[in-house]
Amino acid sequence: MRIVITGGAGFVGSHLVDRYLAAGDDVVVVDNLITGSRRNLAHAADAPRLTVVEHDVSRPLSIDGPVDAIAHLASPASPIDFLRLPIQILKVNSLGTYHMLGMARAKGARFLLASTSEIYGDPEVHPQTEDYHGNVDTLGPRGAYDEAKRFAEAITMAYHRMHGVDVRIVRIFNTYGPRMRLDDGRVVPNFVSQSLRGEPLTAFGDGEQTRSFCYVDDLVDGIVRLMASDVVGPVNIGNPLELSIVEFARRINALTGNPAGIALQPLPAERTGDPSRRCPDIARATSLLGWQPRVSLDDGLARTVAWFRDELQRAGA
Ligand code: NAD
Ligand code: UDP
């Protein structure tokens, strides 16, 4: 098949590109490189089945020839980006999603939206099931991202209902692995690079807030299964192993042998509204897609630490 992947030069997108290229598909990446990098695709630069188009999907675009599927991943995704790039985030998830749905309609292509656990805000239901409607602060620092993604889901369903576009919605929970940006501010790049430098790990607040971390290969497997299925969704994809941030920090320090420990720091102002608990209910993914995560936290972290070790060396940091 021929698949368009928006955001294909980003962390998750580039792994999805690898998976479809390995399956023998033709891949067209559309990315404006605002948070992504050509380096994430450098290993595939000579692949005859890969085309990279540098373009902001918040602006109209056309792609020549047939398109069978669109995976719409374009969007900054780190809480640091929520503050730095709120208007770009609102535009890419509204106008960008609108343009890509228009392409799906015109080409008769299947359309998959990369949505997020942020749809649930600071959840009052635990673990989060897909039918929970969420607890979102529209005005807080995370509001632009959360509401942008909620709009993206709504317009995706509107195109499905009004125009019969064949759609899929995946709600992605915290995912980690190689090709995360060193400076993207998310907890995995921060903790792993601090740990490799022998510095204390900066856990925010009391460090008792929880997250559930999914290795990127498992996420990609879930996305590919959802795309190939007849399930509209939404479907949560995430690893239900829930850990406090302090416990997560301990696991990383144990892996790298960092003796510097953990330094609790007040929650930064830009982190106001930090969800206190997050864990996916994956019953739907398991029963409808036969999906479950396979990579253990220690395996995934070991692969991630190895990758960041090389990155730090390359960056001379
Ligand atoms: P990322 O920042 O590494 O990748 C996003 C990619 O989209 C980048 O390559 C960026 O340049 C591109 N992009 C952004 N705006 C664009 C625009 N207007 N036009 C074209 N390209 C644009 O982030 P990621 O972690 O790989 O996230 C990918 C997707 O998955 C996002 O939609 C994100 O919301 C979603 N998601 C990710 C996670 C996670 O834990 N990584 C969790 C929930 C949801
Ligand atoms: N966090 C932390 N120290 C850091 C970065 C993040 O304690 O240096 C915490 C953050 O407050 C949040 C969790 O780690 O509770 C996950 O943050 P991340 O930015 O990775 O993703 P989020 O789930 O908040 O979108």
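Residues numbered from 1 in each chain as written. Chains lettered and ligands numbered in written order. Predicted model: local features only at pLDDT ≥ 70, side-chain atom pairs only at ≥ 80, totals over all residues. Heavy atoms only, no water.

Asker: Can you help me understand the site of ligand 1 in this one?
Answerer: Around ligand 1, the structure places 31 residues, and the nearest of them are V12, D31, T35, D56 and Y145. With respect to ligand 1, the side chain of D31 contributes an N or O atom lying 2.6 Å from an oxygen atom. When ligand 1 sits alone it has 830 Å² of accessible area, and the protein chains cover 96% of it. When residues of the shell around ligand 1 are traced back to their parent elements, those giving at least two are α1 (11-22), β5 (110-116) and α4 (143-163). With 3 residues, β5 is the largest single contributor of residues to the shell around ligand 1. In the shell around ligand 1, the residues fall into 15 nonpolar, 12 polar and 4 charged. (Near = heavy atom within 4 Å. Polar contact = N/O pair within 3.5 Å; in protein donor to acceptor, adjacent residues only side chain to side chain. Areas by Shrake-Rupley, 256 points an atom, 1.4 Å probe, with all protein chains shown as cover. Helix = DSSP H or I, 4+ residues; strand = E, 2+ residues; numbered from the N terminus. Nonpolar A, V, L, I, M, F, W, Y, C, P; charged D, E, K, R; others polar.)

Asker: Please explain the sheet that holds strand β1 (residues 2-6) as it appears in this structure.
Answerer: Strands in a sheet are paired, the pairing made by backbone hydrogen bonds, and the direction either parallel or antiparallel. Taken in spatial order, the 7 strands line up as β3-β2-β1-β4-β5-β6-β11 in an open sheet, and their pairing is parallel. The open sheet terminates on both sides in strands that have one partner only, identified here as β3 (50-54) and β11 (235-237). Looking at each pair of strands side by side, their axes are set apart by 20° on average, direction ignored. As paired elements, β5 and strand β6 (residues 167-172) share 6 bridges and run parallel to each other. (Pairing = 2+ DSSP bridges. Axes fitted to C-alpha atoms, helices over the stretch in contact; angles between N-to-C directions.)

Asker: Can you walk me through the side chain of N93 in this structure?
Answerer: With respect to the secondary-structure elements, N93 resides in helix α3 (residues 86-107). Taking relative accessible area as the criterion, N93 reaches 0% and is therefore assigned buried. At a separation of 3.3 Å, a polar atom in the side chain of N93 contacts the side chain of K149. Beyond its immediate sequence surroundings of up to four residues, N93 is in contact with A74, S75, A148, K149, F151 and A152. (Buried < 20%, exposed > 50% of the residue type's maximum accessible area, 1.4 Å probe, protein only. Contact = heavy atoms within 4.5 Å.)

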